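# Observations on chain architecture
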2 protein chains.
Amino acid sequence: MKYRFALTIFFAALLGFSSVSMAAEKVYRWKLAETWGPNFPIFGDATKNMAKYAKEMSGGRLLIQVDSANLHKSAFGIFDFVRTGQYEMGHSASYYWKGKDINTMFFTTLPFGMIANEQYAWFYYGGGMELMKEVYDKYGVMSFPGGNTGNQMGGWFRKEINTVADLQGLKMRIPGFAGEVLAELGASPTNIPPGELYTSLERNTIDALEWVGPSLDLRMGFHKIAPYYYTGWHEPGTELQFMVNEKKFKDLPEDLQAILVNAMRLAAYEMYTHSQHESIKNLAEIKKNFPNVQIKTFPKEVMTAIRAANDKLLKQFADADPMTVKILKSLREYEADARAWTNISDKAYLDSF
Amino acid sequence: MKYRFALTIFFAALLGFSSVSMAAEKVYRWKLAETWGPNFPIFGDATKNMAKYAKEMSGGRLLIQVDSANLHKSAFGIFDFVRTGQYEMGHSASYYWKGKDINTMFFTTLPFGMIANEQYAWFYYGGGMELMKEVYDKYGVMSFPGGNTGNQMGGWFRKEINTVADLQGLKMRIPGFAGEVLAELGASPTNIPPGELYTSLERNTIDALEWVGPSLDLRMGFHKIAPYYYTGWHEPGTELQFMVNEKKFKDLPEDLQAILVNAMRLAAYEMYTHSQHESIKNLAEIKKNFPNVQIKTFPKEVMTAIRAANDKLLKQFADADPMTVKILKSLREYEADARAWTNISDKAYLDSF
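### Considerations on the interface of chain B and chain A
When the parts of a complex come together, some accessible area is lost, and that lost area is often taken as the interface size. Each partner contributes residues to the interface: chain B has 65 residues there, and chain A has 64 residues. Of all the elements in the fold, those that place two or more residues in the side of chain B that touches chain A are helix H1 (2–14), helix H2 (43–57), helix H5 (116–125), helix H11 (254–289) and helix H13 (322–351) of chain B. Considering each element in turn, the side of chain B that touches chain A owes the most residues, 16 residues, to H11(B). Residues that form the side of chain B that touches chain A fall into these classes: 37 nonpolar, 20 polar and 8 charged.

Rendered as structure tokens:
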């Protein structure tokens, strides 16, 4: 690269050109489409941080423009944008693509799955990245961890859940696989656009909803109309996703490839830390200013029933696809070993207080 | 930079030079001194990773040579190496400098302090970085998180600890502040070089020792001679440290400054993930191949006594120095809020199994 560049200048000089504009190294102008709206907290900061790291580390040679959902008008079209090359990059969540390929579902989080630091160990040292590559390679898409929300809360409920029978007919906004699990127990899961959640809960269109956790829930106002805030089971370590079009990536010079990969990896870790801080700060505010909020844990009987429904559904997926069997085996074996360590380290320590 | 470079080539061309060697941009060759010996696992990988990230992202313009303790012969001289500029960078642990400045002690870990993800939130969003800068600025040294070991185990014991009386006269290798805490309860803490630990324990020169956790303990062989492996209290989230000489840092062009800062930050997060994986894997091996090892937790009575001794000692430090008061206030307030969140998120989730 340097050699060709120097030769260009050399011949330019021989030809009598004295302009220095030719001396500028090539600038790569990329675009990233994100699922989130403009100024979406935490998730949106992850993409902005990534673009900032790339710009600063490349001395302005890799410039990534972030398009939020208001611009590209397709919050759930990110995978296709990147696959077709319409966008060089995307930021979303792998489990949104389960309708296209069921095996994308396992790289975000699973009910009763790993917590964030266990899952990072699985991704980077336990074979997770290799399995994700195997799933995404056929689409010409490179997939990377994109930031963790931390352990998500089980949701805001207007009534207490004391027995499995209390789930019967419960109208709850809880999308995706977790919703299917609750449906097994007689609940009526629905998905509702974020902008209508508050009103739906207030007007009893739904009885309960889950969103994320204190980091993002406080600003939604749910605590004003649903006093029971349950601890979580369904998304113990939700990892978002960066996607890169493989062909476009190969067009980058090696140093910019390294800058991009490390900028994504750092922005992902950073989002987890940011999520933790926002949950810490917002939970403190809830406790201080909204003492009516009661933090509850589902009774053991309820948790046992939910776990049984979860296992049953997962088994149906696994029976249908050998790649699913392979991914679930890796996840479960790693989780068992990881949990043994978590239990005698962080958990034993936390129990001692 | 680009402008001058192009002009150089231009005039070189006019003068008839065709050599392209002049086209090479300036290469910064730095040296880093680390506390660890050559090929020290995990900790040594963190420095190698950091140097690799810097080299790849800079296209070879920032090359960092890592000198291990066998070369520089001063495992605990790293702070002075960096302060004086003898080395541009160092990798060590902040609490090693407490003899020079007591306030450096609080940026690694504290008994009964925060776990890794709580502490990262404090460093990057809760004011920790600003306090660390205030402590290190006067030495012309920049200090950064350098990688987390995860929650450290309480140590390997030849006899069970059932009461506070069992700590009386206990000869234990446990250096630093935690050793002082146990001394308050009648134990005899000592420090012993790593190479002599096994023999000292085998020959009853000591009754117990703490090292790190499964990630680094298994290869030391302690499980063969001390069957009781206690869970931890004294180093819940040990964060190592990168140091950079401030003047040398300011000599770097802006893009290389960004590359260096992000390479350190990424290598630190990465080391935490690596530590987790090694503990996960090695604990599984201990359980499988050494079933005689008994994992124990100190009885509540013992923990209560240790915590009281810890609080008493910390109060003595705080009384002596207003900066210590300020740092401890920040740590304690953040820890209280962070723990409230951890308790209803990861802990509540882990408790449900």
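### Observations regarding the relation of the copies chain B and chain A
Of the two same-sequence chains, chain B is brought onto chain A (RMSD 0.0 Å, axial shift 0.0 Å) by a rotation of 180°. In the structure described here, the two chain copies are related by an operation that fits a two-fold rotation axis. Both copies contact each other with a shared surface, as 98% of the interface residues of chain B are interface residues in chain A too.

### Examining the nonpolar core
In this structure, Ala54(A), Ala263(A), Ala54(B) and Ala263(B) are the most contacted members of the largest nonpolar core, which totals 191 residues. In this view, Ala263(B) contacts Met50(B), Tyr53(B), Ala54(B) and Met57(B); residues no more than four positions away in its chain are not counted.

### Observations concerning the pairing of strand S1 (residues 28–34) of chain B
Residues and elements named next belong to chain B. Where S1 meets strand S2 (residues 62–67), 6 bridges bridge the pair, whose relative direction is parallel. Each residue of the ladder has a partner; that of Ala33, found in S2, is Asp67. Considered for its hand, the β-α-β crossover made up of S1, H2 and S2 is right-handed. Bridge analysis of S1 against strand S3 (residues 89–92) gives 3 bridges, and the strand direction is parallel. Considered in S3, the bridge of Leu32 is made with Met89.

### Some points on the sheet that holds strand S10 (residues 239–245) of chain A
All names here are of chain A. Overall, mixed pairing links the 5 strands, which are arranged S2-S1-S3-S10-S4 in an open sheet. Each edge of the sheet is formed by a strand with only one pairing partner; in this case those strands are strand S2 (62–67) and strand S4 (141–148). Ignoring which end each strand starts from, the neighbouring axes of this sheet average 25° apart.

### Some words on the domain arrangement of chain A
Residue and element names in this part refer to chain A. Split into domains, chain A comes out as domain 1 (26–148 + 237–277) and domain 2 (152–234 + 291–319). Using only C-alpha atoms to locate each centre, domain 1 and domain 2 end up separated by 28 Å. Partitioned by chemical class, the residues of the side of domain 1 that touches domain 2 number 7 nonpolar, 2 polar and no charged.

### Focus on the sheet that holds strand S6 (residues 171–173) of chain B
Pairing in this open sheet of 6 strands is mixed, and the strands run S7-S6-S8-S5-S9-S11 (chain B) from one edge to the other. The outermost strands of the open sheet, each flanked by one partner alone, are strand S7 (188–190) and strand S11 (294–296) of chain B.

### With respect to the environment of Glu278(B)
All names here are of chain B. Summarising the element assignment, Glu278 is placed in helix H11. On a C-alpha basis, the gap between Glu278 and Thr149 in space is 10.0 Å, while along the polypeptide they are 129 residues apart. Not counting chain neighbours up to four residues away, the residues in contact with Glu278 comprise Ile42 and Ser215.

### Structural notes on the confidence of the model for chain A
Residue and element names in this part refer to chain A. Confidence in the prediction of chain A, expressed as mean pLDDT, is 93, and 93% of residues score 70 or more. This stretch, residues 12–23, has a pLDDT under 50; its non-local contacts, to residues over four places away or in other chains, come to 18 contacts. Predicted as a complex, the structure gets a pTM of 0.93 and an ipTM equal to 0.93.

About the thresholds
- Residues numbered from 1 in each chain as written.
- Chains lettered and ligands numbered in written order.
- Predicted model: local features only at pLDDT ≥ 70, side-chain atom pairs only at ≥ 80, totals over all residues.
- Contact = placed C-beta atoms within 7 Å.
- Helix = DSSP H or I, 4+ residues; strand = E, 2+ residues; numbered from the N terminus.
- Nonpolar A, V, L, I, M, F, W, Y, C, P; charged D, E, K, R; others polar.
- Least-squares fit on C-alpha atoms with pLDDT ≥ 70 in both.
- Core = buried A, V, L, I, M, F, W, Y, C linked by C-beta atoms within 7 Å.
- Buried ≥ 20, exposed ≤ 12 C-beta atoms within 10 Å, placed from the backbone.
- Pairing = 2+ DSSP bridges.
- Right-handed = clockwise from strand over helix to strand, strands pointing away.
- Axes fitted to C-alpha atoms, helices over the stretch in contact; angles between N-to-C directions.
- Domains from an automatic or database assignment.
- pLDDT = per-residue confidence, 0-100.

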